[in-house]
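Here is how the chains run, residue by residue.
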Amino acid sequence: MKILVAHAAYQKHGGEDAVVEAEERLLRAHGHSVVRYRRHNEELNGRGPLGIFVAGMQTVWSSASARELTALLAKEKPDVVHFHNIFPLISPAAYYACADANVSVVQTLHNYRLLCPGANFLRDGRVCEECLGRSVPWPGVLHGCYRESRAATAAVTTMTAVHRGMNTWREKVGLYIALSEFARGKFIEGGLPAGRIVVKPNFVDPDPGLKCGGGEYALYVGRLSVEKGLRVLLGAWSRLREKIPLRIVGDGPLREELTAEIKGKRLSSVELLGQLPPREIAALMQGARFLVLPSVCYENFPLAVAEAFACGLPVIASRLGAIAEIITDSHTGVHVAPGDAADLAAKADWAWRNPEKLQALGNAGRQEYLSKYGPEQNYKQLMRIFGRAMQGKS
């Protein structure tokens, strides 16, 4: 099978980019031909007011991407086109190019951009669903939910509203991939056709193997941003009765604030490690006692959870959105109340003092990885999805 993979890479390489690369490797390893169509959001750097305006228009309809994709489709003649991030440089115009070429379209929904201009149902540090189900998500514009800019948010909402009116989301995509049942439910609530949304989670390859030993520190892996609950995390660590070593891996807009808070509160047990390559992250998971994910937004499917399960590393995470579905409380991890630093501190303290119970949670997580989040399971799901999309097109 020949698969064309279309993706607009992010300015800072993140989990979504890693998932795209992993799926490409998986397909090639099984003998499939993978053709790439790539744009990179670094193209937006350095644009003046006119350039920003043009980029806003391209969000709705990028003629350049449509032309490039049309030429690539004619040359390569793929069996299916798998889209990941199309925002803002590829745009839904690419779906129309595929329709003209009579090629099946699959779209993975890595975030909630089609339902929420900010993409994560978060405003002022709390869950917000004001735009969910609206034909025109005007509250997002009012609050400037995308990049804290009303103008930039207007471009996003124009894209979603125009293509809702054109029936693009219902007619030009053969199948959507949601990463969890929770996410699937939200997209159905937001107006996407239920019969064309399937669930396929992220996966981890290669298998890092089950960790040994109790672990010497707690670990956070992810973007350093408001929605990830980093302020809650430091608030919890400042409440701990016993110092628990905490290593924070990642980068993002809160890095300077976190550095200052760690210094100001004299949190000597907390260490910011910055962005690290996957191999070093896997090694840190092997040496940790538990992973902590105190998100205050609707996560879609954090890759760090599947990575922790693969290592047999239990997860302490917010009881919110897809996280509450993926992590079973008292079985593969521990749930905490979202945004509650005191509850997080209490659960972290319990986990640190009960390594044997943690080991049981970790072993259960390892079984979850083996049954749900390994490469072979994911490959079979992906093939079924591609086959169904192609059958629907024919």
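Structure shown above.
Below, the structure is looked at part by part. This is a predicted model, so every value here is computed, not measured. (Residues numbered from 1 in each chain as written. Predicted model: local features only at pLDDT ≥ 70, side-chain atom pairs only at ≥ 80, totals over all residues. Heavy atoms only, no water.)

**Let's talk about the side chain of Glu 24**
1) Next: Along the chain, Glu 24 turns up in helix H1 (residues 15–29).
2) Next: Look at Glu 24 and you get buried, because its relative accessible area is 1%.
3) Next: With residues near it in sequence (within four places) discarded, Glu 24 still touches Val 5, Val 34, Arg 36 and Arg 38. (Helix = DSSP H or I, 4+ residues; strand = E, 2+ residues; numbered from the N terminus. Buried < 20%, exposed > 50% of the residue type's maximum accessible area, 1.4 Å probe, protein only. Contact = heavy atoms within 4.5 Å.)

**A closer look at the pairing of strand E9 (residues 218–221)**
1) Next: A two-sided burial pattern is seen for E9, the buried positions comprising Ala 218 and Tyr 220 on one face and Leu 219 and Val 221 on the other.
2) Next: With 4 bridges joining them, E9 and strand E10 (residues 246–249) adopt parallel strand pairing. Bridge pairing in E10 places Leu 219 opposite Arg 247.
3) Next: Note that the unit made of E9, helix H9 (residues 230–237) and E10 has a crossover that is right-handed.
4) Next: For E9 and strand E12 (residues 290–293), the ladder comprises 2 bridges, and the chain directions are parallel. Note that in E12 the partner of Ala 218 across the bridge is Phe 290. (Pairing = 2+ DSSP bridges. Right-handed = clockwise from strand over helix to strand, strands pointing away.)

**Concerning the environment of Val 81**
1) Next: Tracing the backbone shows Val 81 in strand E3 (residues 80–83).
2) Next: Looking at Val 81, the relative accessible area reads 0%, which means it is buried.
3) Next: When the C-alpha atoms of Val 81 and Phe 386 are compared, they prove to be 9.0 Å apart, with 305 residues separating the residues in sequence.

**Things to note about the sheet that holds E10**
1) Next: The strand order across the open sheet built from 6 strands is E11-E10-E9-E12-E13-E14, with neighbouring strands paired in parallel fashion. Among the strands making up the open sheet, the edge pair consists of strand E11 (270–274) and strand E14 (333–336). Across this sheet, the average inter-strand angle for adjacent strands is 25°, counted without regard to direction.
2) Next: Pairing of E12 with strand E13 (residues 315–318) involves 3 bridges; the strand directions are parallel. (Axes fitted to C-alpha atoms, helices over the stretch in contact; angles between N-to-C directions.)

**Thoughts on helix H12 (residues 303–311)**
1) Next: In terms of burial, H12 is a largely internal element, 8 of the 9 residues being buried.
2) Next: Among the residues making up H12, those that are buried are Leu 303, Ala 304, Val 305, Ala 306, Ala 308, Phe 309, Ala 310 and Cys 311.
3) Next: Positive phi shows up at Gly 312, right after H12, with a value of about 75°.

**Observations regarding the sheet that holds strand E8 (residues 197–199)**
1) Next: The sheet built from 6 strands is open, its strands ordered E2-E1-E3-E4-E7-E8 with parallel pairing. The open sheet has two free edges, formed respectively by strand E2 (33–40) and E8, since each of these has just one partner strand. Looking at each pair of strands side by side, their axes are set apart by 25° on average, direction ignored.
2) Next: Bridge analysis of strand E1 (residues 2–9) against E2 gives 8 bridges, and the strand direction is parallel. The partner of Ala 9 across the bridge, within E2, is His 40.
3) Next: Along the sheet face, H1 touches E1, E2 and E3 and points at about 160° away from the line of E2.
4) Next: The strands touched by helix H4 (residues 93–100) are E3 and strand E4 (104–108); relative to E3, the strand with the most contacts, the crossing angle is about 175°.

**Focus on the pairing of E13**
1) Next: Crossover E12 to E13 through H12 is right-handed.
2) Next: As paired strands, E13 and E14 are joined by 4 bridges and run parallel to one another. Directly across from Ala 317, in E14, lies its bridge partner His 335.
3) Next: A crossover connection joins E13 to the parallel E14 through helix H13 (residues 321–326); in handedness this β-α-β unit is right-handed.

**Quick look at the nonpolar core**
1) Next: Core analysis: the biggest nonpolar cluster contains 64 residues, and Leu 233, Trp 237, Ile 248, Met 285, Phe 290 and Leu 291 have the highest contact counts within it.
2) Next: In terms of residues, this core owes the most to one element, H12, which gives 7 residues.
3) Next: What Met 285 contacts, discounting residues up to four positions off in sequence, is Lys 211, Leu 219, Val 221, Leu 291, Ala 304, Glu 307, Ala 308, Cys 311 and Leu 313.
4) Next: If you look at the next biggest cluster of nonpolar residues, it comprises 40 residues, including Val 60, Leu 115, Cys 116 and Ala 183. (Core = buried A, V, L, I, M, F, W, Y, C linked by side-chain atoms within 4.5 Å.)

**Considering the packing of H9 against helix H14 (residues 341–353)**
1) Next: Where H9 contacts H14, the two axes come as close as 8 Å, and the packing angle between them is 60°. Here H9 is positioned oblique relative to H14, judged by the angle of their axes. Taken as a pair, H9 and H14 cross one another with a handedness that is right-handed. Packed against H9, whose contacting residues are Val 232, Leu 233, Gly 235, Ala 236 and Trp 237, the element H14 presents Ala 341, Leu 344, Ala 345 and Ala 348 at the interface.
2) Next: Considered class by class, the residues forming the contact of H9 with H14 number 8 nonpolar, 1 polar and no charged. (Parallel < 35°, antiparallel > 145°, perpendicular 65-115°, else oblique. Left-handed = near helix turned anticlockwise from the far one by under 90°. Nonpolar A, V, L, I, M, F, W, Y, C, P; charged D, E, K, R; others polar.)

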